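Residue-level listing of the chains:
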Amino acid sequence: MQQNFAGIYGVTETVSPTAIVEDAIQMCTTALGWPGIEIVQDFEDVAPATLDRHRVLQVLFNLLENARYACEARGSGRGRIVVRLRLHGHDRVRVQVTDNGIGIAPENLPRIFTQGFSTRKGGHGFGLHSSILAAQDLGGSLTVHSDGPSQGAVFTLEIPLAGRAPAPGSASVSPAATS
């Protein structure tokens, strides 16, 4: 499965945002197994976008994995992750990953994307930091909201439908080339 999704960063292609989100969910649930966690997909029809598919997958995989961890750490009751995909304005796509997990303490919210910061035992604090950098590199943003401990969290990724121009030396792939 990893080989099917492996790729080089910086390559833009025209793809379905829905397909990317579905691929990220499939990668996480198949590779890691998520017993006791319900995944709800709430997708709006969004036109194809030209972007770095592999970078978006990296961010979504990390957000989904963190949501899974938050649900498991909660311990009681059934974990639930809702993944929403919406058009935002006329030129951006928004993906929200909402969980009913352990939540985030208010004092940790300002530091959640800081390199090296983690509340997870054994965590290295690299995943969310690299995710926000990737979102910014895509011309987008990554934000977080939580009402506090035991209240779950919402991570929101927004990216333009037409990604940034490839950096010098990187490639662009047309839809026909990816078939």
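Going by the structure above, here's the rest.
As the structure is a prediction and not an experimental result, all values here were calculated from the model.

What about the overall build of the protein chain?
- When helices and strands are tallied, the protein chain shows 4 helices and 8 strands.
- Taken from N to C terminus, the helices and strands of the protein chain fall in the order α-β-α-β-β-α-β-β-α-β-β-β.
- Within the protein chain, the fraction of its 179 residues that count as buried is 43%.
- Contacts in the protein chain between residues far apart in sequence, at least 24 positions, make up 74% of those at least 6 positions apart.
- A total accessible area of about 9,200 Å² is found for the protein chain, and carbon and sulfur atoms account for 51% of it.

A closer look at the sheet that holds strand β4 (residues 79-88)
- Reading across the sheet, the 5 strands line up as β2-β4-β5-β7-β6 and stay open at both edges, with mixed pairing between neighbours. A single partner strand is all that each edge strand has here, and the edge strands are β2 (37-43) and β6 (141-145). On average, each strand axis in the sheet is tilted by 15° relative to the strand beside it, whichever way the strands run.
- With 8 bridges joining them, strand β5 (residues 92-99) and strand β7 (residues 153-160) adopt antiparallel strand pairing. Residue pairing across strands places Val95 opposite Leu157, the latter belonging to β7.
- Sheet strands in contact with helix α3 (residues 53-74) are β2, β4, β5, β6 and β7, and its direction is about 150° off that of β4.

Definitions and limits used
Residues numbered from 1 in each chain as written. Predicted model: local features only at pLDDT ≥ 70, side-chain atom pairs only at ≥ 80, totals over all residues. Heavy atoms only, no water. Helix = DSSP H or I, 4+ residues; strand = E, 2+ residues; numbered from the N terminus. Buried < 20%, exposed > 50% of the residue type's maximum accessible area, 1.4 Å probe, protein only. Contact = heavy atoms within 4.5 Å. Areas by Shrake-Rupley, 256 points an atom, 1.4 Å probe, with all protein chains shown as cover. Pairing = 2+ DSSP bridges. Axes fitted to C-alpha atoms, helices over the stretch in contact; angles between N-to-C directions.

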